[in-house]
Amino acid sequence: MKRFIKDAIVIGAGPAGMAAAIALKGEGVEQVLLIERDDHTGGILNQCIHDGFGLVGMGKNYTGPEYAEIYFRRLLESGAEVLSGAMVKEIQEDKDSPAGELPRKKVIVQTAEGESTYTAGAVILATGCREKPRGALAIPGSRPAGIYTAGTAQNFVNLKNLLPGSRAVILGSGDIGLIMARRLTLEGVEILAVIEKERVPGGLPRNVSQCLTDFGIPLVTGATITNIFGKSRLTGVEVCGTGEDGAVLPGTSRLYECDTLILSVGLIPENEVGQTAGIAVDESTGLPVTDDDGHSNVEGVFICGNALFVHDLVDDVSAEGEATGRAAAAWLRSGGASDLRPVAAGGIEQRKLKMANRRKSVSQDSIVCILCPNSCEIGMDLKGAMCGRGVEYVKREFLSPSRTLTTSVRVCGGERPTASVRTSDGIPKSRIAEAMQSIRSIRIKAPVEVGQVVTADFLGTGVDLLTTCNVKKSVASE
Amino acid sequence: MKFDVVIIGAGAVGNAVADKLSEYRLKIAVIEKEADTAFGISGRNSGVVHAGFNNKTGSMMAELCVQGCRSFAETAGRLGIEFKRTGKLVTALHDEDIPALMKLYEQGLANGVQGLEIIGPEEIKKINKDFNGVRGLWSGMTGVFDPFLYTVALAEHAVENGVRYFFDFEAKRINGSAGAFVIETGDAEKTIEARWIINSAGLHSDEICRLAGIDDYVIYPCRGEYHIIDRKMAGHLNVPIYPVPSEKAGGLGVHLTPSLSGNILIGPSAEYIEEKEDYADAAEVMEKLFAEGNELMPAIRKRHVIRSFAGVRPKLTSKDQGGYADFVIKESESVPGFIILTGIESPGLTSSIPIAEKVAGIIAARENPGRRNDYRPKRCWTLTEDAPPVVGGARIACRCEMISEAEILDAFDRIVAIGAIPTMKGIKNRTRAGMGRCQGGFCSVRIVELLENKRGIDPLSLCWNDRDGRMFTGRTRP
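Because the structure is a prediction, the values reported are computed rather than measured.

When helices and strands are counted, chain A shows 10 helices and 33 strands. Its C-alpha radius of gyration of 23 Å places chain A within 12% of the 23 Å reference for a compact globule of 478 residues. Taken along the three principal axes of its C-alpha coordinates, chain A extends 70 × 55 × 50 Å. For chain A, with 478 residues in total, the buried portion stands at 56%. Across chain A, the fraction of contacts at a sequence separation of at least 24, relative to all contacts at a separation of at least 6, is 62%.

See below:
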């Protein structure tokens, strides 16, 4: 087995890992290795082709792939080394650490070439989170084709050019569920309802507004799926109302005939790799235990991003990755001074805050500003906006509502079948259907680069249609 | 097409019969209505090799189970699959269970079961500190295996020895008589002629009998539901643990089984149902199963459940009769040449090889087919170029179970090699990709991509569970 020696290793090249690796380099750590299991950096951002990223951290509204590209460029400039297509199997204490030096961690990696070992003084886990599958939900019924978690469906639709179904019900009104409701609607899938067991939607009000309200998609709160039907392919789901305690209310059963069920019912921080290193996970919350710097109970092992707890905004993930990178660098500089502060399961306070914040419903005669995650609720009297943009938004929403459209176009000869695109600014809301119709027949040639103009003055709106990702030429077409 | 022997049903018993008969100079076919082998009850059970103390002394069940258990290690070696003689504990939780436990012990001794021992509470704790019980029956011969791989290996070995398989091939009519049967499927292209018919159609064996004019049997489907527990709990369970079964139940009671893969199975329930292939989970049963599993092992939490599934027992006893009828293994008196295998419920898997030997005996008593001199007693893995399957050393497709892309492609090739129709379930059964805690959220995308790029499979044709359960309904862009 091949062996390589590094100063710091970051596992996972999503937003947290990229920010951490850049920060480590920025702090003067020499040998920084970022390990990614996919072929590309960016993590889940690559499939999040919608906008809303960077509003807090960069003051601009980017799509997921654009945001990932910005960090990828910073990563290249930083000089951190990237190992992609590599799966970390295990992290161990390195028994061969030289005496008197920092005890090193041994990271065992599987790539197409086989197994290799990398050692480093500090390891940052930025392994993200995974979706709760159907099996973890205890929904009775059959197990046919047509049941997808929202993220998996998003990957198939946005990156693989595949449609999971034609009539769908979405369980869970978290942001991913809401985003997928809009995304699938744009692609011609009929969304019968978004079902939420709580009394209020789980996602940001701005997403309820721009993803459901805009398209007239019903949101059914205080309800859950109680049965699943269909032998080969899904034929329907039963939805029942639930009481305050979550118990199913008798006599509230309703059948939705659909061929697809999208599950957006929660994300679980992924710490299985971390646990091979011995990191402690809190029994009650399932979250890893760290100090304020993300330093775990295992000295030299840090955790950041959604592996620590599930964040609402990528901007917060990037900031946390950067802070953790700096903390790990400081720890390395100090020669591993053991100043572990009291530790607690990550993000519990943030979670409580999040829950408190979401206990607000939006009144009928006000408008939710969709320009940033603050989701200001602005009344007809133009009160309630935290900034001037909100007032402008409401005025425009009355006079000529417009939306930024994010979707994808067909790519010929590329390593991927589609490239994500966006309008450079809002287009009239009333023309979105027409725009999608036109986009369906567009074909562009690989290679594609971020920011390429696909169609100037798209549909005479004065707004351009731009690509938001890179697509290389396929090997076969070269 | 003309064959000497046609076996109806590619479950473990049908495959074992095919495998056994392939030693002789006979032209053998197996027909199966599903897309692949092990898609019925052979793939939906606890995966336990039973010792044979649960069955009535003098019954065929007892005799064949004891035989099958004794020779299972040799069978596993011949087929190249894993088998672990874990031993098993039947525990009397309360004093009133002791008489039934002792009766089980006596019955086991009378059946010739080796390795039985009655133990006290301290010895129970010695086996596993989490176990409870006032008295226990320890069975040293019991073990666990992978029922998918067993059933698949039998089919592969049979094919290596010249047996032909026909999938998506449902017998709808049986014409003719001994020595000249004609099996029709409703499709003129798919008609098959046979001198012998072996009915190993499991849940549908009564219907197949009726096609041949034999009205003597009725199968009462009795569903058994299970929960699968995350591998992270593997350390808690070293041996299968069972309650003392009640005689009326017609099942062994809800038990815990440590599978070879490190998961724990809770189940099965026992519910008589209307429809034979109703593999759905029922809400109240799911709750009850969990509670009973939790009683046997208090460390198990609901969040440890990663999936639920169900199998259906093909019982010859109705709900009112309860208990067990014996296996039926015989040539029909009214239709010579038609061999009936019905009521093959638990311990059918354990008994599958001895059942096959009995069938071979029936045929050999009537004609002397003679042994083939090119018969290969061991599975030689010759079905694909990469034999035996590559493990590791390549890019990982399924991160939960660490299954490489090479293993996925090998499984696909093996499905094709036996004439089965590739499905995601077939790949999952052979590799475990998608059986882990994320339930395919990550690897399903990789597998779809891999099959398209490396085997030219159009994703739109890909099926989930069976040949009708398409995964996708179209493309987002033409």
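Turning our attention to the overall build of chain B. A tally of regular secondary structure across chain B gives 12 helices and 23 strands. For chain B, whose C-alpha radius of gyration is 22 Å, the value lies close to the compact-globule estimate of 23 Å for 478 residues. With respect to the principal axes defined by its C-alpha atoms, chain B has extents near 65 × 60 × 45 Å. In chain B, the proportion of contacts linking residues at least 24 apart, taken out of those at least 6 apart, comes to 72%. For chain B, the computed accessible surface area is about 17,700 Å², with 50% contributed by carbon and sulfur atoms. Taken together, the 59 basic and 63 acidic charged side chains of chain B have centroids lying 3 Å from each other.

What follows deals with the sheet that holds strand E9 (residues 114–120) of chain A. Residue and element names in this part refer to chain A. In spatial order, the strands read E1-E9-E8-E7; together these 4 strands make up an open sheet with mixed pairing. Strands with a single pairing partner mark the edges of an open sheet, and in this sheet they are strand E1 (2–5) and strand E7 (87–93). Averaged over all adjacent pairs, the angle separating strand axes in this sheet is 25 degrees, with direction ignored. Bridge analysis of strand E8 (residues 105–111) against E9 gives 7 bridges, and the strand direction is antiparallel. Bridging across to E9, Val107 finds its partner in Tyr118.

Before going further, it helps to examine the domain arrangement of chain A. Residues and elements named next belong to chain A. Parsing chain A into structural domains produces domain 1 (2–130 + 268–352), domain 2 (133–265), domain 3 (367–398) and domain 4 (403–477). The C-alpha centroid of domain 3 is placed 29 Å from the C-alpha centroid of domain 2. With 5 residues of domain 2 at the contact, the number on the domain 3 side is 7 residues. Between domain 2 and domain 3, the buried area comes to about 480 Å², and carbon and sulfur atoms account for 61% of it. At the junction of domain 2 with domain 3, the criterion picks out 0 salt bridges. At the junction of domain 2 and domain 3, the tally comes to 2 residue pairs in polar contact (both at pLDDT 80 or more). Across the side of domain 2 that touches domain 3, the residue classes tally to 2 nonpolar, 2 polar and 1 charged.

Taken together, the contact pairs 52 residues of chain A with 50 residues of chain B. Overall, the association of chain A and chain B removes approximately 4,100 Å² of surface from exposure, summing both partners, and the carbon and sulfur fraction of that is 51%. Along the contact surface separating chain A from chain B lie 10 salt bridges. The partner of Lys231(A) in a salt bridge is Asp466(B), and the shortest N-O contact between them spans 3.9 Å. At the junction of chain A with chain B, the criterion picks out 22 residue pairs in polar contact (both at pLDDT 80 or more). Counting residues per element, the ones that place at least two in the side of chain A that touches chain B are E7, E8, helix H3 (150–159), strand E13 (162–163), strand E28 (406–412) and helix H10 (432–440) of chain A. Considering only residue class, the side of chain A that touches chain B consists of 19 nonpolar, 16 polar and 17 charged. Here 2 bridges tie E13(A) to strand E23 (residues 474–475) of chain B, and the two strands are oriented antiparallel to one another. Residue pairing for E23(B): Leu163(A) is matched across the bridge by Gly474(B).

Here we come to the packing of aromatic side chains. Residue and element names in this part refer to chain B. Applying the stated rule across the entire model yields 14 aromatic pairs over all chains. It is Arg44 that lies over the ring of Tyr279; its NZ or CZ is 3.6 Å from the centre. Positioned above the aromatic ring of Trp381 is the side chain of Arg379, whose terminal nitrogen or guanidinium carbon lies 3.6 Å from the ring centre.

All names here are of chain B. In contact at an axis separation of 7 Å, helix H2 (residues 60–70) and helix H9 (residues 348–366) are set at 105 degrees when each is read in the N-to-C sense. Considered as vectors, H2 and H9 are oriented roughly perpendicular to each other. In this structure, H2 contributes Met60, Met61, Glu63, Leu64, Cys65, Gln67, Gly68 and Cys69 to the contact, and H9 contributes Thr350, Ser351, Pro354, Ile355, Glu357 and Lys358. Tallied by class, residues from the contact of H2 with H9 come to 7 nonpolar, 4 polar and 3 charged.

All names here are of chain A. Within the open sheet, the 5 strands sit side by side as E31-E28-E29-E33-E32. Their pairing is mixed. Of all strands in the sheet, those with a lone pairing partner are strand E31 (443–445) and strand E32 (453–455), marking the two edges. For this sheet, the mean angle separating the axes of adjacent strands, direction not counted, is 45 degrees. As paired strands, strand E29 (residues 418–423) and strand E33 (residues 465–467) are joined by 3 bridges and run antiparallel to one another. Note on E33: the bridge partner recorded for Arg422 is Leu466.

A surface patch of nonpolar side chains, amounting to about 380 Å² of accessible area, comprises Met380(A), Phe398(A) and Leu399(A). Following the sequence through the fold, Phe398(A) ends up in helix H9 (residues 388–399).

On to the nonpolar core, then. With 115 residues, the main nonpolar core has Leu21(B), Tyr150(B), Tyr165(B), Ile198(B) and Leu341(B) as its most contacted residues. Ranked by the residues each element gives to this core, the list is headed by H9(B), at 8 residues. If sequence neighbours within four positions are ignored, Tyr165(B) has contacts with Ala10(B), Asn15(B), Ala18(B), Val30(B), Ala155(B), Ala158(B), Val159(B) and Ile418(B). Among the nonpolar cores identified, the runner-up in size contains 35 residues, and Ala8(A), Val10(A), Val32(A) and Leu102(A) belong to it.

Residue and element names in this part refer to chain A. Inspection of the secondary structure assignment puts Arg206 in helix H5 (residues 205–212). Look at Arg206: it is buried, it has no salt bridge, and the nearest opposite charge is Asp51 at 5.2 Å. When sequence neighbours within four positions are dropped, the list of residues in contact with Arg206 reads Gly52, Leu55, Val368, Cys369, Ile370, Leu371, Cys372, Pro373 and Ser375.

Let's shift gears to the pattern of salt bridges. What the rule picks out here adds up to 64 salt bridges over all chains. Across the pair Arg414(B) and Asp410(B) runs a salt bridge, and its minimum N-O distance is 2.9 Å. Pair noted here: Arg414(B) and Asp410(B) are both in helix H10 (residues 405–417), with a separation of 4 residues, about one helical turn. The same class applies to Arg414(B) and to Asp410(B), which are both buried. Connected via shared salt-bridge partners are Arg37(A), Arg130(A), Glu270(A), Glu272(A), Asp230(B), Lys232(B), Arg399(B) and Arg437(B).

Conventions used here
- Residues numbered from 1 in each chain as written.
- Chains lettered and ligands numbered in written order.
- Predicted model: local features only at pLDDT ≥ 70, side-chain atom pairs only at ≥ 80, totals over all residues.
- Heavy atoms only, no water.
- Helix = DSSP H or I, 4+ residues; strand = E, 2+ residues; numbered from the N terminus.
- Rg over C-alpha atoms; globule rule 2.2 N^0.38 Å.
- Buried < 20%, exposed > 50% of the residue type's maximum accessible area, 1.4 Å probe, protein only.
- Contact = heavy atoms within 4.5 Å.
- Areas by Shrake-Rupley, 256 points an atom, 1.4 Å probe, with all protein chains shown as cover.
- Lys, Arg positive; Asp, Glu negative; His and termini not counted.
- Charge placed at Lys NZ, Arg CZ, Asp CG, Glu CD.
- Pairing = 2+ DSSP bridges.
- Axes fitted to C-alpha atoms, helices over the stretch in contact; angles between N-to-C directions.
- Domains from an automatic or database assignment.
- Buried area = accessible area lost by both parts, 1.4 Å probe.
- Salt bridge = Lys/Arg side-chain N within 4 Å of Asp/Glu carboxyl O.
- Polar contact = N/O pair within 3.5 Å; in protein donor to acceptor, adjacent residues only side chain to side chain.
- Nonpolar A, V, L, I, M, F, W, Y, C, P; charged D, E, K, R; others polar.
- Phe/Tyr/Trp six-rings, centres within 6.5 Å; stacked < 30°, edge-to-face > 60°.
- Lys NZ or Arg CZ within 6 Å of the ring centre and 35° of its normal.
- Parallel < 35°, antiparallel > 145°, perpendicular 65-115°, else oblique.
- Patch = residues over 30% accessible without salt bridge, like charges linked within 9 Å, V, L, I, M, F, W, Y side chains within 5 Å.
- Core = buried A, V, L, I, M, F, W, Y, C linked by side-chain atoms within 4.5 Å.

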